[in-house]
Amino acid sequence: RQILDLTVPKNKIIAPHLAFKSETALRRALTAAADGKLPEVTRLVIDHANGQDHKVIVWCWRRRIAEHIANEVHRVLPALKVGVVHGGQSHIERRKRIDKVPDVLCATMDSIGVGINLIEYDTQVFAELSWLPSTLSQCEARPHRHGQKRPVLSQFCIARGTADEWIKYGVIKKLDLGEDLGLGADDSMLGDLESADLKKREEGLRDLYERIRDSEGLKER
């Protein structure tokens, strides 16, 4: 696992104390960060794809980002097979595209379910982030299945000074450390907040922000 810190324009930075006010605010902040780092992320994917004997998965939150990266890879490297899968496609269509084993597969995080085997891929780039550990860990685990013969490189692209950094410290760095990600008085897990009511999820987000700020000593830029 690698964490890549990328510089983004100042107009793509939303202060964390504003970003963590609600789910909507946090998604808006992560979206702005993703838009700011998109040119660098796209170049990174192209560099991977241009290497010998590599197959690349690009994880995105939005269909538009997945399609943009796929189009850019195809424009620069037209000889490569490039595929896009997203939640708007039928399961059959997604399966057909995955079974073609494109050299670069750009996928939204909700589009590849349990049982999908991606062991042909040895490089994955997270172009966008989720604040739910369950989402990130499930995506990251897709190439790690029985039959995988090579080490898998997972790269998380972090926009400096944005909500990405809070996700880096509060979620990504704790994915496989077995650390307690409990939130709230009843110590419920962050991943469980996905099914909790809106008030509880947003209380959890604010608590996550405060814990990371206090434990990591992070300062807002």
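Summary of the structure given here. These numbers were taken from a predicted model, which means no experiment stands behind them.

Comments concerning the overall build of the chain
Then step 1. When helices and strands are counted, the chain shows seven helices and eight strands.
Then step 2. Buried positions account for 52% of the 221 residues belonging to the chain.
Then step 3. Taking contacts inside the chain between residues at least 6 apart in sequence as the whole, the part at least 24 apart equals 69%.

A few points about helix α5 (residues 133-141)
Then step 1. Among all positions in α5, only Pro133, Thr135, Leu136, Cys139 and Glu140 are buried. The buried side chains of α5 occupy one side of the element, clustering within an arc of 165° when seen end-on.
Then step 2. Among the structural elements, β2 (56-60), β5 (123-126), β6 (153-159) and α6 (163-170) are those in contact with the buried residues of α5.

Examining the packing of helix α2 (residues 23-50) against α6
Then step 1. For the pair α2 and α6, the least separation of the axes is 8 Å and the interaxial angle reads 105°. Of the possible angle classes, the one that applies to α2 and α6 is roughly perpendicular. Of the residues in α6, those touching α2 at Leu26, Ala29, Leu30, Ala33 and Lys37 are Ala163, Asp164 and Ile167.
Then step 2. Among the residues making up the contact of α2 with α6, the classes are represented as six nonpolar, no polar and two charged.

A short note on the nonpolar core
Then step 1. Counting 36 residues, the largest nonpolar core has Phe20, Trp59, Ile112, Leu118 and Leu136 as the members making the most contacts within it.
Then step 2. At the level of secondary structure, the elements contributing two or more residues to this core comprise α2, β2, β4 (104-108), α5, β6, α6 and α7 (198-216).
Then step 3. The residues touching Leu136, leaving out its near neighbours within four places in the chain, are Met109, Phe126, Ser130, Phe156, Ile167, Val171, Ile172 and Leu175.
Then step 4. Counting 22 residues, the second-largest nonpolar core is a separate cluster that includes Leu38, Val58, Cys60 and Ile69.

Definitions and cut-offs
- Residues numbered from 1 in each chain as written.
- Predicted model: local features only at pLDDT ≥ 70, side-chain atom pairs only at ≥ 80, totals over all residues.
- Heavy atoms only, no water.
- Helix = DSSP H or I, 4+ residues; strand = E, 2+ residues; numbered from the N terminus.
- Buried < 20%, exposed > 50% of the residue type's maximum accessible area, 1.4 Å probe, protein only.
- Contact = heavy atoms within 4.5 Å.
- Arc of directions from axis to C-beta.
- Axes fitted to C-alpha atoms, helices over the stretch in contact; angles between N-to-C directions.
- Parallel < 35°, antiparallel > 145°, perpendicular 65-115°, else oblique.
- Nonpolar A, V, L, I, M, F, W, Y, C, P; charged D, E, K, R; others polar.
- Core = buried A, V, L, I, M, F, W, Y, C linked by side-chain atoms within 4.5 Å.

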